[in-house]
Amino acid sequence: MDWNEVIGQEKTKERLKGLLRDGRVPHALLFCGPEGSGKMALAMAFACELLRQHPNPASQEAMLRQWQHPDLHFSFPTIKKTGMSAEHQPISDDFMKEWHQLITDGSYFTMEKWMALMGAANQQAIITAAESDELARKLSLKSSQGGYKVAIIWQPERMNLASANKILKLLEEPPQQTVFLMVSETPEKLLETIRSRTQRIDTRIISEEIIRQALIDKRGLEPEQAHRVARLANGSWLKALDTLNADNENSEFLEKFMMLMRTAYARDVKALKRWTDDVSGFGREKQRRMLTYFSRMVRENFMYNFHNTDLNYMSIEEEQFSRRFAPFINEANVIELSELLELAYRDIGQNANAKIVFYDMSLKMIVLLLKR
C-alpha cells in the first residue's frame, strides 16, 4: 500500500514521512479522527513504509501487496461464535480469513462491515485478554525479515480491562524494533496510561474538493456526479463510497421514505399497516439509522423549497422525488415532523414495541402532511 491510496490528509502524511526520514519513529502511535477520514488507511500505509526500511525493500513488496508480511500483525475486535468452547477466548487468528478479505477490499471500512463479515448477530465485539497474550507472544519473536515488527491494533478502545492492562505492559516494555499503531474511533475510552504512552496523530474530515477530485480520478465519475457525492459525503470517504454503491442502505431507506409519505398523504391506512410490518422486521439499529435518514430527508425537502442548491445535500434520486414532494414539508409542519421522528428514534432506542411505534408515527404523518 502506498501513500497515494490515502485520500487527502497531506499534512499528516508529511508528518509521518518526517518521522521516518529523521529516524524519530516512536514505539507507539495513536491514530484518531472522524469515521471515514482515513485513520486506518494512514496506519496501514505507514506500516508498509516501516517494513520497507529494509536492505532490499523490493523483496518486501509482494508480501505487502497481499498483506501477508510475517512482521506485520493485526489485532482487532472479535466475537465468540457458535461452536467455540466455553473456555475459549476468541483471538484475531480465529478470524484472519475474514479480516484478510476485509483489508484486501480496501483500507476504508466500518465496524458494521466487519461485524457482518464475522457473521455477528447481537454479540459485542471485543479484544480479549487472550488476544493480548497472543500478540505479546508474536512480538517476542525475532523479526523474520530483520527489520521492524509492526502491530496494528484496530479499535483498541474495545479491549476489556484485562486485555488493556496486558497491552499497557507491552507499551511500557516494548519488544525491540517494534512499533504499535493504534487506530481509535473513541480514544477517550482508552486507559489514560495507554494514551500517555502513545504519540497522537489526529486526522480531520476530508475537504469536499479533495473528495470530489478523488471520485473523478479514482472512480471515474463525471464532475457533476462527483460534486453531488462529495457534498453528501460530509468529509467522509466512507460515505462517498457508500453513496456510489447502488445497493447501499440509503437507497432502501429512500424507498421506505417515499412509500411512507405517499401512503400517508393518500390516507391509505391498510398500506401504512403493511409498511409498518415491513420496517418492524429490521433490527433496532437499522430502524434507528432509517429514522435518522428520514429526519435528514425532512430537512432537505424543507430547504429545497428555497431553491438554493448550496443549501441542499441530496443524491439525484432523492432530488427527483423532492421536486414534487418538497412543498408538503413547510413552515406549518416541519418542526412537528422532526419532533415526531425524534420521538420514534428515542422510543426504538428504549426497546419499545416497533410495530406500535411505527404505526403510531405513520398515522400521525397523515395529519401533519395535510398542514399547509
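What you see is a predicted model; the values in this text were computed from it and never measured.

Q: Sorry if this is basic, but what is going on with the overall build of the chain here?
A: Counting its secondary structure elements, the chain contains 17 helices and 5 strands. Seen through its C-alpha atoms, the chain measures out along the principal axes to roughly 70 × 50 × 35 Å. Residue burial in the chain is summarised as follows: out of 372 residues, 49% are buried. Across the chain, every contact between residues at least 6 apart in sequence was considered, and the portion connecting residues at least 24 apart equals 72%. With an accessible surface of roughly 18400 Å², the chain has 49% of that area assigned to carbon and sulfur atoms. Averaging the coordinates of the 50 positive side-chain charges in the chain and doing the same for the 50 negative ones gives two points 2 Å apart.

Q: How should the sheet that holds strand β2 (residues 72–75) be read in this particular structure?
A: Strand-to-strand pairing in sheets goes through backbone hydrogen bonds, with the strands running parallel or antiparallel. Judged by pairing direction, the sheet is parallel, and its 5 strands sit side by side in the order β2-β3-β4-β1-β5 without closing on themselves. Across the chains shown, the open sheet's two edge strands, defined by having one partner strand only, are β2 and β5 (199–202). If you compare each strand with its neighbour and ignore which way they point, the axes differ by 20° on average. Bridge count for strand β1 (residues 28–32) against β5 is 4 bridges, and the pairing is parallel. Looking at the pairing, Phe 31 lines up with Ile 201 of β5. Those strands touched by helix α6 (residues 129–140) are β2, β3 (149–154) and β4 (178–184), and its axis lies near 175° from that of β2.

Q: For this particular structure, what's the right way to read unusual backbone geometry?
A: If a residue is not glycine, its phi is most likely negative; likewise, a peptide bond is most likely trans. Here Gln 155, not a glycine, exhibits a phi torsion of approximately 55°, which is positive. Of note, Gln 155 is situated in the loop between β3 and α7 (161–172). Its identity as a non-glycine residue notwithstanding, Arg 267 has a phi of 55°, on the positive side. For Arg 267, the location among the structural elements is in the loop between α12 (249–265) and α13 (269–279).

Q: Any chance you could explain the side chain of Ser 280 here in plain terms?
A: When you line up the elements, Ser 280 lands in the loop between α13 and α14 (284–304). Only 2.7 Å separates the side chain of Ser 280 from the backbone oxygen of Thr 276, close enough to count as a polar contact. If we ignore the near neighbours within four places in the chain, the residues touching Ser 280 are Gln 287, Ala 354, Lys 355 and Phe 358.

Q: Would you take a moment to explain the packing of α13 against helix α17 (residues 354–369) for this structure?
A: Packed helices, taken two at a time, are described by their axes: the angle between them and the distance between them. One can describe the packing of α13 onto α17 by two numbers: an axis separation of 9 Å at closest approach and a directional angle of 145°. Considering how the two elements wind past one another, α13 and α17 form a crossing that is right-handed. In this structure, α13 uses Val 269, Leu 272, Lys 273, Trp 275, Thr 276, Asp 277 and Val 279 to contact α17, whose residues at the interface are Lys 355, Phe 358, Tyr 359, Met 361, Ser 362, Leu 363 and Ile 366. In terms of residue class, the contact of α13 with α17 is made up of 9 nonpolar, 2 polar and 3 charged.

Q: Which parts of the structure should I look at to understand α13?
A: All of the buried residues in α13 are Ala 271, Leu 272, Trp 275, Thr 276 and Val 279. In an axial view of α13, the angular spread of the buried residues amounts to 145°, which keeps them on one side of the axis. What points out from α13, more than 90 degrees from its buried face, is the exposed set Lys 270 and Arg 274. Considering only its buried residues, α13 is in contact with α12, α14 and α17.

Q: What should I look at first to understand the pattern of salt bridges in this one?
A: Once the charged atoms of two side chains with opposite charge are near each other, the side chains can pair. One pass over the structure, following the stated rule, counts 25 salt bridges. Between Asp 360 and Lys 364 there is a salt bridge, with the nearest N and O atoms lying 3.1 Å from each other. Placement of both Asp 360 and Lys 364 in helix α17 is noted, with a separation of 4 residues, approximately one turn of the helix. The class for Asp 360 is partly exposed, based on a relative accessible area of 35%.

Q: Honestly, the packing of helix α10 (residues 223–233) against helix α11 (residues 237–244) in this entry has me stumped. Any pointers?
A: Two elements in contact, α10 and α11, have axes separated by 8 Å at closest approach and are oriented at 130°. Classified by the interaxial angle, the pair formed by α10 and α11 is oblique. The two elements α10 and α11 cross, and the hand of that crossing is right-handed. Judged by residue contacts, Gln 225, Val 229, Leu 232 and Ala 233 of α10 engage Lys 239, Ala 240, Thr 243 and Leu 244 from α11. For the contact of α10 with α11, a count of residues per class yields 5 nonpolar, 2 polar and 1 charged.

Q: Help me understand the nonpolar core in this model?
A: Generally speaking, soluble globular proteins have nonpolar side chains that are buried together. Judged by nonpolar contacts, the single largest core of 57 residues is most densely connected at Trp 99, Ile 152 and Leu 181. For this core, the element with the highest residue contribution is helix α2 (residues 39–51), accounting for 11 residues. When residues no more than four places from it in sequence are discounted, the contact partners of Leu 181 are Leu 29, Phe 31, Ala 43, Phe 46, Ala 47, Val 150, Ala 151, Ile 152 and Ile 153. Listed in part, the 39 residues of the second largest apolar core include Leu 260, Val 298, Val 334 and Ile 366.

Q: What exactly am I supposed to notice about helix α1 (residues 10–21) here?
A: Helical geometry: 3.6 residues make up each α-helical turn, so side chains three or four residues apart lie on a common side. Here α1 spans 16 Å end to end across 12 residues, near enough to the 16 Å set by a 1.5 Å rise per residue. For α1, the full list of buried residues reads Thr 12, Lys 13, Leu 16, Gly 18, Leu 19 and Leu 20. One or two positions beyond α1, positive phi appears at Gly 23, with a value near 65°.

Q: Honestly, the environment of Ser 132 in this entry has me stumped. Any pointers?
A: Along the chain, the position of Ser 132 falls in helix α6. A sequence separation of 34 residues divides Ser 132 from Lys 166, and the C-alpha atoms of the two residues are 6.2 Å apart. When sequence neighbours within four positions are dropped, the list of residues in contact with Ser 132 reads Ser 163, Lys 166 and Ile 167.

Cut-off values and rules
Residues numbered from 1 in each chain as written. Predicted model: local features only at pLDDT ≥ 70, side-chain atom pairs only at ≥ 80, totals over all residues. Heavy atoms only, no water. Helix = DSSP H or I, 4+ residues; strand = E, 2+ residues; numbered from the N terminus. Buried < 20%, exposed > 50% of the residue type's maximum accessible area, 1.4 Å probe, protein only. Contact = heavy atoms within 4.5 Å. Areas by Shrake-Rupley, 256 points an atom, 1.4 Å probe, with all protein chains shown as cover. Lys, Arg positive; Asp, Glu negative; His and termini not counted. Charge placed at Lys NZ, Arg CZ, Asp CG, Glu CD. Pairing = 2+ DSSP bridges. Axes fitted to C-alpha atoms, helices over the stretch in contact; angles between N-to-C directions. Polar contact = N/O pair within 3.5 Å; in protein donor to acceptor, adjacent residues only side chain to side chain. Left-handed = near helix turned anticlockwise from the far one by under 90°. Nonpolar A, V, L, I, M, F, W, Y, C, P; charged D, E, K, R; others polar. Arc of directions from axis to C-beta. Salt bridge = Lys/Arg side-chain N within 4 Å of Asp/Glu carboxyl O. Parallel < 35°, antiparallel > 145°, perpendicular 65-115°, else oblique. Core = buried A, V, L, I, M, F, W, Y, C linked by side-chain atoms within 4.5 Å. Expected span 1.5 Å × (residues − 1).

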